Amino acid sequence: MSIHIPRGTADVLPGEVELWQFIEQKSRDLCQRFNYKEIRTPIFEHTELFQRGVGETTDIVEKEMYTFQDKGGRNITLRPEGTAAVVRSFAEHKLFGDPNQPVKLYYIGPMFRYERPQAGRMRQFTQFGVEALGSYDPSIDAEVIALAMGLYEELGIHDLRLEVNSVGCNTCRPVHRDHLVQHLGERREELCADCQSRFDRNPLRILDCKAEKCKEITKQAPNITEHLCDDCSPNFEQVKEHLTRLGIAYHVNPRMVRGLDYYTQTAFEIMAEGFGAITTICGGGRYNGLVESIGGHDSPGIGFAMSIERVLLTLQSQKIELPVKRELDCYVVAVGEQAEKEAVCILNKLRKHGLRADKDYQGRRMRAQFKAADRNQARVTLIIGDDELEKGIAVVRTMATGEQQEVNLNEVVNFIATNMNTIEEEK
Ligand code: ATP
Ligand code: MG
C-alpha cells in the first residue's frame with residue numbers, strides 16, 4: 001500500500017514554491033526596512049512554555065497541541081505559535097539588557113496545531129510574525145500594524161478590514177470581568193459547554209465564541225472599552241491617532257478579544273473575504289505581562305502573526321498574480337557526441353557566471369531539446385553541433401525574437417551574459 005501525506009499538511013511543489021519564496025522574501029525585505037531582525041527558535045519546546053505563555057484556557061493549549069514525551073521522559077510540544085518562544089528567548093538571553101530597545105524581531109517558520117483541516121486551516125502551517133519587545137510607546141503598536149498592512153499592500157492585496165480593540169490591563173480587566181459575569185450569570189446554563197467552563201476561568205473569551213447561541217447571549221454584554229482605566233483609555237486613543245496619521249483605516253470592534261490569554265491593551269485582526277468561512281488573515285496585539293509570566297524581567301511587547309497559507313488564499317481569491325521569476329536564462333541544445341561533451345563545460349561556465357542555465361539529459365533529439373527550452377521558458381538558446389564545434393562557434397538564439405547569431409565559442413558565455421543584461425533593460 002502506498003503511503004500518503006498526513007492530514008492537514010501539504011507538499012509545496014515547484015511551480016507553487018516560487019510564490020512562497022516571493023512572499024517570504026517580501027516579508028524579509030519589509031522587516032529590514034522597519035529594522036526588525038530575524039530570530040530562529042526551535043521547532044519544539046517544553047510543553048510548559050505554551051501552557052504558561054499561551055494560556056491554559058486557550059483553544060491552542062486545551063485542544064490543539066502536538067505534545068509527546070521524548071525518550072528522556074520530558075514533556076515536549078511542537079510549537080503551535082511563535083510568540084511564547086520568542087519571549088522565552090528574549091528572557092533567556094537577557095535581551096532586555098540590550099541597549100537597543102525595543103528589541104524588534106521577526107520569524108518565518110512552521111507551526112503545528114491539531115485542528116480540523118479546511119481551506120486556510122492546516123495542522124502544519126507557516127507563520128510570518130513580528131515581535132517588538134521593551135516599549136510601551138503606542139507608536140510601536142501602530143508600526144507593527146503598519147508592517148502587516150504594508151506587506152499585504154505590497155503584494156497587491158486590497159479590500160482588507162483592520163479591526164482594533166483594547167482589552168485593557170490587570171487594573172481594568174477585572175472591573176469589566178465583574179460586569180460581564182453579572183450580565184451573563186442569568187443565562188449561564190444556555191452557553192455552550194466550552195463557554196460554561198470558560199465562565200469561571202476566563203469569561204472574556206466567551207465574547208470570542210463562534211457558537212450562534214453564545215453570540216446571541218453576548219450581544220448586549222458590556223464592552224471592555226467602557227471600562228478602560230486611566231492608562232489604557234488614553235493609550236488606545238493614541239494608537240488610533242497614530243493609525244489615522246499613517247492613513248491606515250480601522251474599525252473599532254469592542255468584542256474582539258483574541259484567542260490568546262496574554263493579551264493586554266491593543267488587540268487587532270486583519271480580515272479578508274473570499275475563501276470560505278475563514279476571514280481573519282492576521283492577528284496580533286500587546287502582551288505586557290507575558291515576559292514576566294515566562295520568568296523574565298518585566299518587559300512589554302507587541303506583535304502579530306499571519307500564515308503564508310492564508311496570504312496565498314487571499315491572493316488567489318483576489319486573482320492576484322505575483323511577479324515571480326520562473327524562466328531560465330539559457331538552455332544549451334547540443335547535437336553530436338563532441339558537442340554534448342562541450343555542452344557540459346559551457347553549461348558549467350554559464351552557471352559560474354551567475355546565469356540560470358540547463359541542458360538535456362534524456363538523449364533527446366534537437367527538436368525535443370528546443371521544446372524543452374520552451375517549456376523551461378529559456379530566454380536564449382545556445383546551439384552547438386559537431387559542425388559548429390569544428391568552426392569554433394556556437395549559435396545563440398534569442399527566443400522572443402527568433403534572432404540568431406554565430407558567436408565564437410570562447411566568447412559565448414560573456415556574450416550571453418551581456419545579452420541577458422540587454423534583455424533585462426529592454427523589459
Ligand atoms: P482562527 O480563529 O482562524 O483559529 P487563531 O486565533 O487561532 O485563528 P492566531 O493564533 O492568532 O489564530 O494565529 C495568527 C494567524 O495564524 C491567523 O490569523 C492565521 O493567519 C494563522 N493561522 C492560525 N491557525 C492556522 C492554521 N491552522 N492554518 C493556517 N493558518 C493559521
Ligand atoms: Mg485557531
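Because the structure is predicted, anything quoted here is derived from the model rather than measured.

Caption draft 1: Quick peek at the domain arrangement of the chain. Segmenting the chain into domains produces domain 1 (17-172 + 228-317) and domain 2 (330-426). Between the C-alpha centres of domain 1 and domain 2 the distance comes to 48 Å.

Caption draft 2: Layout of the packing of aromatic side chains. Under the defined criterion, the tally for this structure stands at 4 aromatic pairs. Taking the centre distance of 6.1 Å and the plane angle of 70° together, the rings of Phe90 and Phe96 count as edge-to-face. Considering the side-chain rings of Tyr106 and Phe128, the 6.3 Å spacing of their centres and the 70° angle between planes classify their relative orientation as edge-to-face. Here Phe128 lies in strand β6 (residues 124-133) and Tyr106 lies in strand β5 (residues 103-112), a separation of 22 residues in the sequence. Classification of Phe128 by relative accessible area gives buried; the value is 0%. Three or more aromatic residues link up through ring pairs in this structure, and these residues are Tyr106, Phe128 and Phe304.

Caption draft 3: Highlighting the sheet that holds strand β9 (residues 264-275). Reading across from one edge, β1-β5-β6-β11-β10-β9-β7-β8 is the order of the 8 strands in this open sheet, with mixed pairing throughout. Each having just a single partner strand, β1 (37-38) and β8 (251-252) make up the two edges of the open sheet. With 5 bridges connecting them, strand β10 (residues 278-286) and strand β11 (residues 301-307) associate as antiparallel partners. Directly across from Gly283, in β11, lies its bridge partner Ala305. Of the strands in this sheet, β5, β6, β7 (161-166), β9, β10 and β11 are in contact with helix α5 (residues 138-155), which crosses β11 at around 15°.

Caption draft 4: Main features of the site of ligand 1. Close to ligand 1 lie 17 residues; Glu115, Arg121, Met122, Arg258 and Ser307 are nearest. A distance of 2.7 Å separates an oxygen atom of ligand 1 from a polar side-chain atom of Arg121. Taking 590 Å² as the accessible area of ligand 1 by itself, protein coverage stands at 88%. Among the elements that line the shell around ligand 1, the one with the most residues is β10, at 4 residues. Within the shell around ligand 1, the residues separate by chemical class into 6 nonpolar, 5 polar and 6 charged.

The rules behind these values
Residues numbered from 1 in each chain as written. Chains lettered and ligands numbered in written order. Predicted model: local features only at pLDDT ≥ 70, side-chain atom pairs only at ≥ 80, totals over all residues. Heavy atoms only, no water. Domains from an automatic or database assignment. Phe/Tyr/Trp six-rings, centres within 6.5 Å; stacked < 30°, edge-to-face > 60°. Helix = DSSP H or I, 4+ residues; strand = E, 2+ residues; numbered from the N terminus. Buried < 20%, exposed > 50% of the residue type's maximum accessible area, 1.4 Å probe, protein only. Pairing = 2+ DSSP bridges. Contact = heavy atoms within 4.5 Å. Axes fitted to C-alpha atoms, helices over the stretch in contact; angles between N-to-C directions. Near = heavy atom within 4 Å. Polar contact = N/O pair within 3.5 Å; in protein donor to acceptor, adjacent residues only side chain to side chain. Areas by Shrake-Rupley, 256 points an atom, 1.4 Å probe, with all protein chains shown as cover. Nonpolar A, V, L, I, M, F, W, Y, C, P; charged D, E, K, R; others polar.

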